[in-house]
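Each chain, written out:
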Amino acid sequence: MGNKTRGQKIGILTAGGDCPGINAAIRGVGKTAIVRYGMQVIGISDGYTGLINKEFRELDENDLSGILTLGGTILGTSREKPFKNSGKGKNDLRKPALIKEHYEQMGLDCLVCIGGNGTLKTAYLLSQEGLNVVGIPKTIDNDVWGTDVTFGFDSAVNIATEAIDRLHSTANSHKRIMIIELMGHNAGWLALYSGIAGGGDVILIPEIPHDEKKISAYLQERIRGNKPYSIVVVAEGIKTPGSECSAAQYLSRRIAELSGIETRETVLGYIQRGGTPSPMDRILASRYGAAAAELIAKREYGKMVALRNNQIIPVPLADVAGKLKLVEPDSSLVLKARNMGTSFGD
Ligand code: F6P
């Protein structure tokens, strides 16, 4: 077993939007820390809010047992941004100082931050305040720079693809245009992957500006080519005029007006973030968690564990903070979809 890293005490927090796989990541860090390195593991409640309010509990092997397949996060989460001064509470400016004070009072040697872009940026800023931090990239959006894929993404693609599969039969029965809106924040990864996996005829993503008239003409052309129904997969982050309705609702109305074809829309929403993680996400989250514990044992802080060509490598948080990973419009995947006849609305 090698000589254990005795006595290191680590805190784990989960922040930002929840997703399948977070508990697998907590389990990966915690079990590796305890079993392989003899560390003490502290679970911090509700993301950075728990550090501000000193809400935490020790996690032992029993706490980490039976959570691999559980959706959500046993620690709870929040979207607290300690460095963003909301201007409401007078202690806003003190939040980072409170976090540092509580980190020291809790006797932590390192803080493991499981989250997406906002969480990882806060982790980086805390490292600049002198805290030892390690980041794990989590989000269904897959928009974290520096890693090939975040955990949560594969589960969401599975959920969205199953939903799209189910739309084909009802679209065919009614000869309708079925529009489904997927999450993804400002990136189009979820719509791109699920759209291709689900056989979407039109895939609209923020990275490729679309033209309503071109979409309608393409759909009318499909009907003339004896294709009586179509599936339109839309990323929530695409640009549509106004904000009084969802992208899917707006497009459904506009396509019906422009094409004269009957349309219906579905906003899949939070279903994409619920339930048990896919096996691939369980594996990826476990790999990320174990790798994070290894970095801590080596006292290699200020890093995010990342996947590159199926290898887990450490990436400086300084390189990740404040960046977004977006779909390249001329990527080979987009090109292959276009070559198969998929429209991107442009
Ligand atoms: O970041 C994950 C995500 O689900 C995005 O895809 C979505 O836009 C956002 O969170 C929703 O935020 P909230 O959970 O705060 O409603």
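Residues numbered from 1 in each chain as written. Predicted model: local features only at pLDDT ≥ 70, side-chain atom pairs only at ≥ 80, totals over all residues. Heavy atoms only, no water.

Caption draft 1: Region of the structure containing the overall build of the protein chain. Across its full length, the protein chain holds eleven helices and eleven strands. Expressed along its principal axes, the backbone C-alpha trace of the protein chain runs to roughly 70 × 50 × 30 Å. Every one of the 346 residues in the protein chain was classed for burial, and the buried ones make up 55%. In the protein chain, of all internal contacts separated by at least 6 residues, the share reaching a separation of at least 24 is 73%. When the accessible surface of the protein chain is summed, it comes to about 14,800 Å², and 50% of that surface belongs to carbon and sulfur atoms. (Helix = DSSP H or I, 4+ residues; strand = E, 2+ residues; numbered from the N terminus. Buried < 20%, exposed > 50% of the residue type's maximum accessible area, 1.4 Å probe, protein only. Contact = heavy atoms within 4.5 Å. Areas by Shrake-Rupley, 256 points an atom, 1.4 Å probe, with all protein chains shown as cover.)

Caption draft 2: Here's a closer look at the domain arrangement of the protein chain. Annotation of the protein chain at the domain level lists domain 1 (3–152 + 277–320) and domain 2 (155–273). Using C-alpha coordinates to define each centre, domain 1 is positioned 35 Å away from domain 2. The interface is formed by 13 residues belonging to domain 1 together with eleven residues belonging to domain 2. Between domain 1 and domain 2, the buried area comes to about 910 Å², and carbon and sulfur atoms account for 49% of it. Between R273 and D18 there is a salt bridge, and its shortest N-O distance comes to 3.1 Å. Its residues assigned to classes, the side of domain 1 that touches domain 2 comprises four nonpolar, four polar and five charged. (Domains from an automatic or database assignment. Buried area = accessible area lost by both parts, 1.4 Å probe. Salt bridge = Lys/Arg side-chain N within 4 Å of Asp/Glu carboxyl O. Nonpolar A, V, L, I, M, F, W, Y, C, P; charged D, E, K, R; others polar.)

Caption draft 3: Geometry of the pattern of salt bridges. In the structure shown here, the tally under the stated rule is 13 salt bridges. Taking the shortest distance from any N to any O, the salt bridge between E262 and R176 comes out at 3.2 Å. Taken together, the residues E262 in the loop between α8 (247–259) and β9 (263–267) and R176 in the loop between α5 (153–174) and β6 (177–182) connect sequence positions 86 residues apart. Relative accessible area serves as the criterion here: at 37%, E262 is assigned to the partly exposed category. Residue class for R176 comes out buried when judged on its relative accessible area of 13%. R338 is the salt-bridge partner of D346, the closest N and O atoms lying 2.7 Å from each other. Judged by its relative accessible area of 30%, R338 falls in the partly exposed class.

Caption draft 4: Region of interest: the packing of aromatic side chains. The final tally for this structure, using the stated rule, is two aromatic pairs. For the ring pair W189 and Y193, a centre distance of 6.3 Å and an interplane angle of 50 degrees mean the geometry is tilted. Placement of the pair is W189 and Y193 together in helix α6 (residues 189–197), with a separation of four residues, close to one helical turn. Residue Y193 is classed as partly exposed on the basis of its relative accessible area, which comes to 36%. Here a set of aromatic residues connected by ring pairs shows up, and it is made of F153, W189 and Y193. Over the ring of W145 we find K323; its NZ or CZ atom is 4.0 Å from the centre of that ring. Across the ring face of W189, the terminal group of K325 is positioned such that the distance to the ring centre comes to 5.2 Å. (Phe/Tyr/Trp six-rings, centres within 6.5 Å; stacked < 30°, edge-to-face > 60°. Lys NZ or Arg CZ within 6 Å of the ring centre and 35° of its normal.)

Caption draft 5: Highlighting the site of the ligand. By nearness alone, every residue bordering the ligand is listed as R79, T139, I140, D141, M183, G184, H185, E236, Y270 and R273. G184 has a polar backbone atom sitting 3.1 Å from an oxygen atom of the ligand. Taken together, the residues that form the shell around the ligand break down as three nonpolar, three polar and four charged. For the shell around the ligand, the domains that each give at least three residues are domain 1 (3–152 + 277–320) and domain 2 (155–273). (Near = heavy atom within 4 Å. Polar contact = N/O pair within 3.5 Å; in protein donor to acceptor, adjacent residues only side chain to side chain.)

Caption draft 6: Molecular detail of the sheet that holds strand β2 (residues 40–44). Taken together, the seven strands give an open sheet; going across it, the order is β3-β2-β1-β4-β5-β10-β11, and neighbouring strands pair in mixed fashion. With one partner strand each, in any of the chains shown, β3 (56–59) and β11 (311–316) form the two edges of the open sheet. Pairs of neighbouring strands in the sheet enclose a mean axial angle of 30 degrees, with direction left out of account. Alignment of strand β5 (residues 133–137) against strand β10 (residues 303–308), held across two bridges, turns out to be parallel. Across the sheet, the residue bridging to V134 is K303, located in β10. Contacts from helix α4 (residues 117–128) reach β4 (110–115), β5 and β10, with the element oriented near 160 degrees to β4. (Pairing = 2+ DSSP bridges. Axes fitted to C-alpha atoms, helices over the stretch in contact; angles between N-to-C directions.)

Caption draft 7: Structural view of the nonpolar core. Ranked by internal contacts, the top residues of the largest apolar core, which has 80 residues, are I10, I26, I136 and F151. When residues of this core are assigned to domains, at least three fall in each of domain 1 (3–152 + 277–320) and domain 2 (155–273). The residues touching I10, leaving out its near neighbours within four places in the chain, are V29, A33, M39, Q40, V41, I42, L108, C110, V112 and I296. One finds L108, L120, L131 and V320 within the second-largest nonpolar core, a separate group that totals 25 residues. (Core = buried A, V, L, I, M, F, W, Y, C linked by side-chain atoms within 4.5 Å.)

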